[in-house]
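What follows is each chain in one-letter form.
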Amino acid sequence: MTTDATKYLSHLELGEREQTFLDSNELIINMGPQHPATHGVLRVILKLDGEKVLGTECVIGYLHRGVEKIAENRTYTMFNPYVDRMDYVAAVSNGLGYCEAVEKLLNIEAPPRANFVRVILTELNRIASHQLWLGTHALDIGAMTPLFYTFRDREEILKIFEKYCGARLTTHAFRIGGCLYETYDGFERDVKKFVDFVRPKIDEYEELLTTNRIWVERTKGVGFISPKDCIALGVTGPVLRASGVKWDIRKAQPYANYKEFDFEIPTGQNGDTYDRYLVRLAEMRQSLRIISQAVQRIPEGPIMAKVPKVIKPPVGEIYHSIEAPKGELGYFIVSDGSTQPYRVRVRPPSFVNLQALDLMVRGQLVADVIAVIGTLDIVLGEVDR
Amino acid sequence: MADENKFSSPPPPGNAQMPGAGKQSGSVEPLPPVDKPVPIPNPPPTSTSEPKPASPPKAAAAPPAAPAKPIGPAPVPWDSPLVASLRRQYGSGIEPLTYLGQNYIVADSSIAPELLQIMRDEERFDYCVDVTAVHYPKREKQFDLIWILYSFQRNERVRVKTMIADGESFPTSTTIWPAANWLEREVFDMFGIKFDGHSDLKRILLPEGWKGHPLRKDYGIIQQDKEWVQINLGIESGQ
């Protein structure tokens, strides 16, 4: 009597049938670069033993545009829109980091009114980024519904961006020295309406997923990373916080006017995919808290500081970093006193966080690789720059 | 229409170009005219328009702006308990400075590896934020190598900077901070600086067969582009 498997194998002309069938050969397969669950063009070479992952190697650079080289050949002002193209789902954050870095180098400060508008838009963008993450991450794991919910609600944020500056995604909302645009009529009303609109929606996402048995099975205990490993590998943002490290640049080294707002840093304990999901949801709620405080207190006054038309920072170098939705986003700018930066280095959170992928998926199943790529919340535009 | 207006006179206030712009707030001019750059001494605001891309911007802007380079605050020596303890060990081998409130240590390349180790082990800078480099082709030691470090315990950022010559390699810091792995690979990819002892030093963003290291100042973009177009498309490049 033969089993189905041996019958199947007998059709193949393999020498040692049984042995081949039972042998646990290591298999090397290629995931990506064109794979829907890699959120862009990421290629991961997987070394597998059956379904178990023995090791991975990331091959990146498919989206490399040489942003840092471009910067050296543009003026400070001309380079501003380029930063939006790195993390294109959180363009406002990129712009904030860059503008503040150049302002620091110029030794000027954005006026208070600009800071309030900046904080509101940046936090709105954090929510939009997390919503996009949640939708796609859940879709990768097999839950289709959240995608429609999150995209529906994210649309409201994009509408505010569009009304404010005309663009939805690559907004170029801020300029060196403040904001170029005054807020439109009804900006405050729209933002307040959005806060009231989206607060119950976050509960809705939770209803869909938090206690969903399939979701819990697919995320609990998956992609564990310890706080020690996080710090050693330079992992920041929600991934670090989900491992229990209470660190957020908005609190640790406040920029813009985050000092003025009352909010908390949500943390997890287990450092797994499920905790990272909870942390990001909690962060969305905290962002709403910041927005609702800020929108009530936007002061009158200029929205743009007095900035020379030709921006020529004095010779020197500066490093400035902000808490982007994905982690620490830093700009290291060297000025040689001319109108063009001598060197712009972008410290991208996605790039550094992606290094942790190998550690997080070792010994887990292939299907978990998808979950971990999702939970790291990488944007390849930022990884490759 | 846009082309004529673009370079003639000061551009109209930004709101005018904005689709769906709402309030055109009369109170604030988004781009104020430059009478007095308040906080720092800057080039005299004689030019009325943005630098014109058509003509070489430096030549156009140079005659009125006599002090060509704006003079900013110079870096001042930095003093702290951390510096004092490092001073005891290294004496004049390190130069701690502070610029715009940010502290950095310039170290000789011979003591920098040890300094980095001490920064992690004793001074508890346990998070390596970034490793990067800057190229100065006219200098004898062409490259600045820079580590941006952060300490969770002290909530403090420090940059460590050292200078190395072209072709000189530097001991890897992946043994100190695993985070430096990809960061050093990127420095190698972009600048061609080799890190001794790095487990997997190869290009990371550019394909393996790439020629040259793009972030060096002497890297010819146009030359590369022409060559690539010639070889791969068989036509003359439009650049």
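By convention here, each chain's residues receive numbers from 1 onward along its written sequence. Just so you know, chain letters begin at A and ligand numbers begin at 1, following the order they were written in. At least 70 in pLDDT is required for a residue's local features to be given in this predicted model, at least 80 for side-chain atom pairs to be given and counted, and no such filter applies to totals for whole chains, interfaces and linings, which use all residues.

Asker: Before we move on, could you go through the overall build of chain A and cite the residues and values that matter?
Answerer: Strands here are runs of E lasting at least two residues and helices are runs of H or I lasting at least four, both read from the DSSP assignment and numbered beginning at the N terminus. From N to C terminus, chain A includes 17 helices and eight strands. Radius of gyration: over C-alpha atoms. The globule rule applied is 2.2 Å multiplied by the number of residues raised to the 0.38 power. On C-alpha atoms alone, chain A measures out to a radius of gyration of 23 Å, which is about the 21 Å that the 2.2 N^0.38 rule sets for 385 residues. For chain A, the C-alpha atoms occupy an extent of roughly 90 × 45 × 35 Å along the three principal directions. Here a residue counts as buried when 20 or more other C-beta atoms fall within 10 Å of its C-beta, as exposed when 12 or fewer do, and as partly exposed in between; the C-beta atoms come from the backbone. Across the 385 residues that make up chain A, the buried fraction comes to 55%.

Asker: Which residues make up the overall build of chain B, and what values do they have?
Answerer: Each helix and strand counted, chain B has six helices and eight strands in total. Listing every helix and strand of chain B by position from the N terminus yields α-α-β-α-β-β-α-β-β-β-β-α-β-α. Expressed as a percentage of its 239 residues, the buried residues of chain B come to 28%.

Asker: Any chance you could break down unusual backbone geometry for me, citing the residues and the numbers?
Answerer: With phi around 60°, N107 of chain A is a residue other than glycine that occupies positive phi space. Along the chain, N107 of chain A turns up in the loop between α5 (91-106) and α6 (112-141). Of note, the phi angle at L100 of chain B is positive, near 50°, even though the residue is not glycine. With respect to the element layout, L100 of chain B can be found in the loop between β2 (94-99) and β3 (102-107).

Asker: Explain the pairing of β2 of chain B to me, using residue names and the numbers behind them.
Answerer: Side chains on a regular strand alternate between the two faces of the sheet. All names here are of chain B. In short, DSSP must find at least two bridges between two strands for them to pair. Judged from the two bridges that link them, strand β1 (residues 76-77) and β2 form a sheet pairing that is antiparallel. Each residue of the ladder has a partner; that of V76, found in β2, is T98. Direction of pairing for β2 relative to β3: antiparallel, over a ladder of six bridges. Looking at β3, one finds that L97 is bridged to Y104. Here β2 folds back onto β3 in antiparallel fashion, the turn holding two residues, of which L100 has a positive phi close to 50°.

Asker: Go over the packing of helix α4 (residues 76-83) of chain A against α5 of chain A with me, naming the residues and quoting the values.
Answerer: To characterise two packed helices, one gives the angle between the axes of the helices and the distance between these axes. Residue and element names in this part refer to chain A. Between α4 and α5, the shortest axis-to-axis distance is 8 Å and the interhelical angle comes to 155°. Here α4 lies roughly antiparallel to α5, going by the angle between them. Relative to α5, the crossing made by α4 is right-handed. From α4, Y76, N80 and V83 reach across to α5, where they touch N94, G95, Y98 and V102. Charged means Asp, Glu, Lys or Arg here, nonpolar means Ala, Val, Leu, Ile, Met, Phe, Trp, Tyr, Cys or Pro, and polar covers whatever is left, Gly included. Residues that form the contact of α4 with α5 fall into these classes: four nonpolar, three polar and no charged. Here, axes are lines fitted to C-alpha atoms. For helices the fit covers the stretch in contact, and angles between N-to-C directions go from 0 to 180 degrees. Roughly parallel here means an angle under 35 degrees, roughly antiparallel means over 145, roughly perpendicular means 65 to 115, and every remaining angle is called oblique. With the far helix as reference, a near helix turned anticlockwise by less than a right angle produces a left-handed crossing, and one turned clockwise produces a right-handed crossing. Residues are scored as being in contact if the C-beta atoms we place from backbone atoms lie within 7 Å.

Asker: Run through helix α7 (residues 145-165) of chain A, naming residues and quoting values.
Answerer: All names here are of chain A. Expected span of a helix, by definition, is 1.5 Å for each gap between consecutive residues, and there is one gap fewer than residues. Across its 21 residues, α7 extends 31 Å between first and last C-alpha, which sits within 8% of the 30 Å expected from 1.5 Å per residue. Of the positions making up α7, those classed as buried are P146, T150, D153, R154, I157, I160, F161, Y164 and C165. Among the residues trailing α7, G166 stands out with phi positive, at a value near 90°.

Asker: Any details on the sheet that holds strand β2 (residues 43-49) of chain A? Residues and values, ideally.
Answerer: Residue and element names in this part refer to chain A. Read from one edge of the open sheet, three strands run β1-β2-β3, paired in antiparallel fashion. The two strands at the open ends of the sheet, each matched to only one other strand, are β1 (26-31) and β3 (52-59). When the angles between neighbouring strand axes are averaged without regard to direction, this sheet yields 20°. Judged from the six bridges that link them, β1 and β2 form a sheet pairing that is antiparallel. Looking across to β2, one finds that I28 is bridged to K47. Along the sheet face, helix α16 (residues 366-376) touches β1, β2 and β3 and points at about 150° away from the line of β2.

Asker: Any chance you could break down the confidence of the model for chain A for me, citing the residues and the numbers?
Answerer: Residues of chain A with pLDDT of at least 70 account for 94%, and the chain-wide mean is 86. Scored from 0 to 100, pLDDT reflects the predictor's confidence in each residue. Between residues 1-19 of chain A, whose pLDDT stays under 50, and residues either more than four places distant or in other chains, the model counts eight contacts.

Asker: Tell me what's going on with the domain arrangement of chain A, and back it up with residues and numbers.
Answerer: All names here are of chain A. An automatic or database domain assignment provides the domain bounds reported here. Assigned domains of chain A: these are domain 1 (4-59) and domain 2 (71-384). Placing the centre of domain 1 and that of domain 2 at their C-alpha centroids yields a distance of 37 Å. The interface is formed by 16 residues belonging to domain 1 together with 18 residues belonging to domain 2. Of all the secondary structure elements, the ones that give two or more residues to the side of domain 1 that touches domain 2 are β2 and β3. Taken together, the residues of the side of domain 1 that touches domain 2 sort by class into nine nonpolar, five polar and two charged.

Asker: So what about the confidence of the model for chain B? Which residues, and what values?
Answerer: The predicted model of chain B averages 73 in pLDDT, with 69% of residues at 70 or higher. Confidence metrics for the complex model read pTM 0.79 and ipTM 0.82.

Asker: Account for the nonpolar core, naming residues and giving values.
Answerer: The biggest cluster of nonpolar side chains holds 157 residues, and the ones touching the most others in it are I120 of chain A together with L149 and V160 of chain B. Looking at this core, the element that brings in the most residues is α6 of chain A, giving 14 residues. A domain split of this core shows at least three residues from each of domain 1 (4-59) and domain 2 (71-384) of chain A. Setting aside its immediate chain neighbours within four residues, L149 of chain B contacts M119, F125, C128, V129, R157, V158 and V160 of chain B. As used here, a nonpolar core is made of buried Ala, Val, Leu, Ile, Met, Phe, Trp, Tyr and Cys residues. They are joined through C-beta atoms within 7 Å.

Asker: An account of the environment of L124 of chain A is requested, with residue identities and associated values reported.
Answerer: Residue and element names in this part refer to chain A. Looking at the secondary structure, you find L124 in helix α6. When the 26 C-beta atoms within 10 Å are taken as the criterion, L124 is described as buried. For L124 and V372, which are 248 residues apart along the polypeptide, the C-alpha to C-alpha distance reads 25 Å. When neighbours within four sequence positions are excluded, L124 is seen to be in contact with I157, I160 and I291.

Asker: Can you break down the pairing of strand β6 (residues 316-324) of chain A residue by residue, with the values?
Answerer: Residue and element names in this part refer to chain A. Where burial is concerned, most of β6 is hidden: nine out of the nine residues are buried. Where burial is concerned, the two faces of β6 agree: the one with G316, I318, H320, I322 and A324 and the one with E317, Y319, S321 and E323 are both buried. Inspection of the sheet shows β6 paired to strand β7 (residues 327-335) by nine bridges, in the antiparallel sense. Note on β7: the bridge partner recorded for S321 is G330. Taking the residues that link successive antiparallel strands as the turn, the β6-β7 hairpin has two residues.

Asker: Which residues make up the packing of α6 of chain A against α16 of chain A, and what values do they have?
Answerer: Residues and elements named next belong to chain A. At a closest axis distance of 9 Å, the pairing of α6 and α16 adopts a crossing angle of 175°. Classed by the angle they form, the pair α6 and α16 counts as roughly antiparallel. Along the contact surface, α6 presents T136, H137, D140 and I141, while α16 presents I370, A371, G374 and T375.

Asker: A description of the sheet that holds β2 of chain B should follow, citing residues and the corresponding values.
Answerer: Taken in spatial order, the six strands line up as β1-β2-β3-β6-β5-β4 (chain B) in an open sheet, and their pairing is mixed. This sheet does not close on itself; its edge strands, each paired only once, are β1 and β4 (127-135) of chain B.

Asker: With reference to specific residues and values, describe helix α4 (residues 112-121) of chain B.
Answerer: All names here are of chain B. When we look at burial in α4, the residues that qualify are A112, L115, L116 and M119. The arc enclosing the buried residues of α4, seen along the axis, measures out at 100°, which places them on a common side. Structurally, α4 contributes buried residues whose contacts are with β2, β3, β5 (143-151) and β6 (156-164). Relevant arc is that of directions from the helix axis to the C-beta atoms, nothing else.

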